[in-house]
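Residue strings, one per chain:
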Amino acid sequence: MGSYWSSFFEKDELDESTGLTVTQKRLLVQTWAPVDKDYKKNGVALFVQLFEEYPETQQVFPKFKDKSIDKIKDSPKLRAHGSIVIKAISTMIQNLDDAECLVEMIKKTGRDHYHRGIDYKYFEIIGQFLLQFLKGQLGTDVITTEAEEAWVTVFKTINSVIKIEMDEEATQSSRPRVNND
């Protein structure tokens, strides 16, 4: 009965810096926890499924380019990269209450990928794909409509910061950009 009454009295305040409510932040932390718990397995599963559903994304990675999924799915390079990506997302999720730190992490991600020659469109793909991946891994009983809305909101925020940073790097950087095409 406490949760029924508390819904009338608690405000689900919006954090203007992230665009997320307190409830959305809680849902992000809760729904990401099982992915982070088995980060190696989930990192590999994430990339295998990404490469199967969006084959053009595999071509962006020189170490996986033009190789069969069967050949790379057990490779230590895929385990390592998948682990790094899962842990990077985990770190972002852990910093939802420290927007300044979170923004700096996202900017660094944008800069690093820009200088590797990664086009912004791949961040749009991964944002959409990750939600599909979470639903597939965790099911709709965990990824509820409310959790899905939280993930859509956080990816819009992340991707907008990445886009701004990549655009800024394009106009200000003297460092050469690698071309992965």
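Residues numbered from 1 in each chain as written. Predicted model: local features only at pLDDT ≥ 70, side-chain atom pairs only at ≥ 80, totals over all residues. Heavy atoms only, no water.

Chemist: Sorry if this is basic, but what is going on with the packing of helix H7 (residues 99–115) against helix H9 (residues 145–172) here?
Modeler: Helices that pack against each other are described as a pair by the angle of their axes relative to one another and the distance between those axes. Contact geometry of H7 with H9 gives a least axis separation of 8 Å together with a crossing angle of 50 degrees. Taken together, H7 and H9 sit at an angle that is classed as oblique. The handedness of the crossing between H7 and H9 is right-handed. Two secondary-structure elements touch here, H7 through Val103, Ile106, Lys107, Thr109, Gly110, Arg111, His113, Tyr114 and His115 and H9 through Ile158, Val161, Ile162, Glu165, Met166, Glu169 and Ala170. (Axes fitted to C-alpha atoms, helices over the stretch in contact; angles between N-to-C directions. Helix = DSSP H or I, 4+ residues; strand = E, 2+ residues; numbered from the N terminus. Parallel < 35°, antiparallel > 145°, perpendicular 65-115°, else oblique. Left-handed = near helix turned anticlockwise from the far one by under 90°. Contact = heavy atoms within 4.5 Å.)

Chemist: I'm lost on unusual backbone geometry in this one. Help?
Modeler: The phi angle at aspartate 66 is positive, at roughly 60 degrees, despite the residue not being glycine. Along the chain, the position of aspartate 66 falls in the loop between helix H4 (55–58) and helix H5 (69–72). Residue aspartate 66 is classed as exposed on the basis of its relative accessible area, which comes to 63%. (Buried < 20%, exposed > 50% of the residue type's maximum accessible area, 1.4 Å probe, protein only.)

Chemist: What's the story with the side chain of serine 83 in this structure? I'm lost.
Modeler: By the secondary structure assignment, serine 83 is in helix H6 (residues 76–94). With relative accessibility at 10%, the residue serine 83 sits in the buried group. Reaching out from serine 83, the side chain makes a polar contact with the backbone oxygen of arginine 79 at a distance of 2.7 Å. With sequence-adjacent residues up to four places away left out, serine 83 is seen in contact with Tyr39 and Lys40. (Polar contact = N/O pair within 3.5 Å; in protein donor to acceptor, adjacent residues only side chain to side chain.)

Interpretation in functional terms is not warranted from these geometric data alone.
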